[in-house]
Amino acid sequence: MLAEFLQFLFSGITVGAIYALAALGFTLIYNASNVINFAQGEFIMLGGMLAVYFSQAGLPLPVALVLAILVPAIVGVVLEKLAIEPVKGAEPVTLIIITIGASLVIRGLIQVWLGKNTFSLPAFSGDVPLQILGATLMPQSLWVLGITAIVVVALWYFFNRTLHGKAMLATSFNRVAAELVGINTNWVLFLSFAMSAALGALGGILVTPLTLTSYDVGIMLGLKGFVAAVVGGLGNGLGAVLGGLLVGILEAMGAGYISSAYKDAMPFVLILLILFFMPRGLFGGKSTDRV
Amino acid sequence: MSKNPYLGLYIIMAVLLVLPFVLPNSFYVDLAIRMAINAVIVLGLNLLIGFAGQISLGHAGFLGFGAYATAVLPTHFGWHPLLAMAAGAVAAGALAAIVARPIFKLKGHYLAMATLGLGIIINIVVRTEAQWTGGPDGMPVPAMSLAGFEISGDKHWYWLVALVLSVSVWASLNMINSPFGRALRALHGSEVASKVVGVDVVRYKVAIFVLSAMFASFMGSITAHYVGFVTPNLADFFHSIELVTMVVIGGMASVYGSVVGAVLLTALPQALTSFEGWETVAFGAILMLSMIFMPKGLVPTLSARFGRGD
């Protein structure tokens, strides 16, 4: 009983951490620009696919991993410069379609370049599972959780203790006021796309040794990251992390105890319930309209 | 408003009348039928996006609802196809109402999220419940007959779909100029202002969402009968995106834009097949470019340029 429960919990927290990273990416961009970036999932895919590509090209693993984070970050910045900045202030529908278009371009290019095969990456520190109270835990899960925790702490530090971070927060509260006090909001936009892409890519790299990767994994991972961000109250960083973990755990428990065929449906059932009963998300604040 | 808002309708009807005599072979007739089917779905979706200012990212789910009602009810329960079609539309409308009511009280992207979730759940259900739906492989749809007259073959379907399209365009034009339509437009202009003049915002938004869901379900049934087979792809996320794209490219809140968007994007995959493997890239690039350079969509942009209203 306990072993089974722990087993589901471990796999839930692991995949939940990836959703949390994706949800943080959604949150960063949403706060900087009110854009819901539907290309976020493709950054996750890019991270995993590029890590595989660079390591198979013979680069040492750490170099391959750094490149697999840097390249998506550059892609994110290019996306922002070419497609988001020129239409600043457009209707949300327009912005959503642009990011959906971007996701198709990225996915299509990877499909043409690397093909439709499924790839894997060796685990960072071996495949010998740890035994904990009868449940098994892969060492890679510890990597996922450890690095996610470090990222969350680093982000907290960035937003609360550095000038750039505070500028980003100020922009998310009130763009015009931020501009008035001399914050370069274009730079904030730039930074938030680079950071979200890097976060997504990091998640994609970390999870690849556990779940494999292919050109189309970004769709589901991205959508679930979006669910996690909304569960946490869109725009709330801590909420995004908790939302990610919650979605991951719920999915694993649902797959284990209810039906594995409906595993992918769980996050979406959750989001409908939350929208019905707690529409601001679990951790979202109240909002008011100015007329 | 232009001098005669029905001018476009006459042009569409004229084209529909002439088309079957000039199309070289059944491949093009099939393409024309699919364009017309998409145009009707997009008309319904555009009422929601263009007038209520809300996005549905799960509209293919409603399409799938109708398609599977048409396939499953007659096959497993012996229902009459028309009854199945009506049941699908009513059920889709009811589902839309249940989902929309709490969500329209919120502002922002929440309907997008809810419809996205709903669409994905519907898709997973039809993929999983294979004993009823045939699972990922899909299932055949029994033929439809009206009063002993079986509708089969391209010709029958072409005229049926052409009729449905003409009526839909006519009805949409009339609706936009009705009190209901004016309320919707006011809503898109300023929600607060329309509240102040007494428009029940939530009720109107729910009504338009239910209507567009029923449109989609009905056309899903038509598609299922026409193709003679349903697969879960009809109800997947990508198809929902395609439908939204048709709305946006043609022009939000533009009746004729819906038709143009549907025609262009239905033809696009055919035009792109020669690009072997690059279709997705090209599709995505077209989406991005048209939104960056023509955010209002094709028809409103062009008609503004040539100096007449839409």
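Keep in mind the model is a prediction, meaning the values are calculated, not measured.

**Focus: the overall build of chain B**
When helices and strands are counted, chain B shows 14 helices and 4 strands. Here the C-alpha radius of gyration of chain B, 19 Å, is about what a compact globule of 310 residues would show, namely 19 Å. Principal axes of the C-alpha set define a box for chain B whose edges measure 50 × 45 × 45 Å. Sorting the 310 residues of chain B into buried and exposed places 50% on the buried side. In chain B, of all internal contacts separated by at least 6 residues, the share reaching a separation of at least 24 is 76%.

**Quick word on the interface of chain B and chain A**
Contacts between chain B and chain A engage 36 residues on the former and 37 residues on the latter. Where the side of chain B that touches chain A is concerned, the elements lending two or more residues are α4 (81-103), α5 (110-128), α11 (237-250) and α13 (279-293) of chain B. For the side of chain B that touches chain A, the leading source of residues is α5(B), giving 10 residues.

**A few points about the nonpolar core**
Formed by 189 residues in total, the largest nonpolar core has its most connected members in A:Ile18, A:Ala20, A:Ala201, A:Val227, A:Ala228, A:Ile271 and B:Ile41. With 16 residues, the single largest contributor to this core is helix α1 (residues 2-33) of chain A.

**Brief notes about helix α7 (residues 153-176) of chain B**
Residues and elements named next belong to chain B. The end-to-end C-alpha separation of α7 is 35 Å, in line with the 34 Å expected for 24 residues at 1.5 Å each. Looking at α7, one finds that the buried residues are Trp-157, Tyr-158, Val-161, Ala-162, Leu-165, Ser-168, Val-169, Ser-172 and Ile-176. Buried residues along α7 sit in contact with α1 (7-22), α2 (26-52), β3 (149-151), α8 (179-189), α10 (201-227) and α12 (255-272).

**Looking at helix α4 (residues 92-114) of chain A**
Residues and elements named next belong to chain A. Helix length check: α4, at 23 residues, gives a terminal C-alpha distance of 33 Å against a target of 33 Å (1.5 Å per residue), a fit within 8%. Of all 23 residues in α4, 17 are buried, a share of seventy percent or more. Two residues or fewer after α4 comes Gly-115, characterised by a positive phi angle close to 85 degrees.

**Structural notes on the packing of helix α2 (residues 40-56) of chain A against helix α9 (residues 218-231) of chain A**
Residues and elements named next belong to chain A. Running from N to C, α2 and α9 point in directions that differ by 130 degrees, and their axes come no closer than 7 Å. As the angle between them shows, α2 and α9 are arranged oblique. Crossing angle aside, the handedness with which α2 passes α9 is right-handed. Side by side, α2 and α9 meet where Gln-40, Gly-41, Glu-42, Ile-44 and Met-45 of the first sit next to Gly-218, Ile-219, Leu-221, Gly-222, Leu-223 and Gly-225 of the second. Partitioning the contact of α2 with α9 into residue classes produces 5 nonpolar, 5 polar and 1 charged.

**Focus: unusual backbone geometry**
Even without glycine at this site, A:Leu212 takes up a positive phi of about 65 degrees. Secondary-structure assignment places A:Leu212 in the loop between α8 (185-211) and α9. A residue is classified by how many C-beta atoms lie within 10 Å of it, and A:Leu212, with 14 of them, is partly exposed. In the Ramachandran plot, B:Ala253 falls in the positive-phi region, its phi being about 60 degrees despite a non-glycine side chain. Within the element layout of this structure, B:Ala253 appears in the loop between α11 and α12. Using a count of 22 C-beta atoms within 10 Å as the deciding quantity, one classes B:Ala253 as buried.

**What to know about the environment of A:Leu24**
Residues and elements named next belong to chain A. Within the secondary structure, Leu-24 is located in helix α1. On the basis of neighbour counts, which here come to 30 C-beta atoms within 10 Å, the residue Leu-24 falls in the buried class. Residues Leu-24 and Ser-196 lie 172 residues apart in sequence; the distance between their C-alpha atoms is 7.1 Å. In this view, Leu-24 contacts Leu-155, Leu-199, Gly-237, Ala-240 and Val-241; residues no more than four positions away in its chain are not counted.

What counts as what
Residues numbered from 1 in each chain as written. Chains lettered and ligands numbered in written order. Predicted model: local features only at pLDDT ≥ 70, side-chain atom pairs only at ≥ 80, totals over all residues. Helix = DSSP H or I, 4+ residues; strand = E, 2+ residues; numbered from the N terminus. Rg over C-alpha atoms; globule rule 2.2 N^0.38 Å. Buried ≥ 20, exposed ≤ 12 C-beta atoms within 10 Å, placed from the backbone. Contact = placed C-beta atoms within 7 Å. Core = buried A, V, L, I, M, F, W, Y, C linked by C-beta atoms within 7 Å. Expected span 1.5 Å × (residues − 1). Axes fitted to C-alpha atoms, helices over the stretch in contact; angles between N-to-C directions. Parallel < 35°, antiparallel > 145°, perpendicular 65-115°, else oblique. Left-handed = near helix turned anticlockwise from the far one by under 90°. Nonpolar A, V, L, I, M, F, W, Y, C, P; charged D, E, K, R; others polar.

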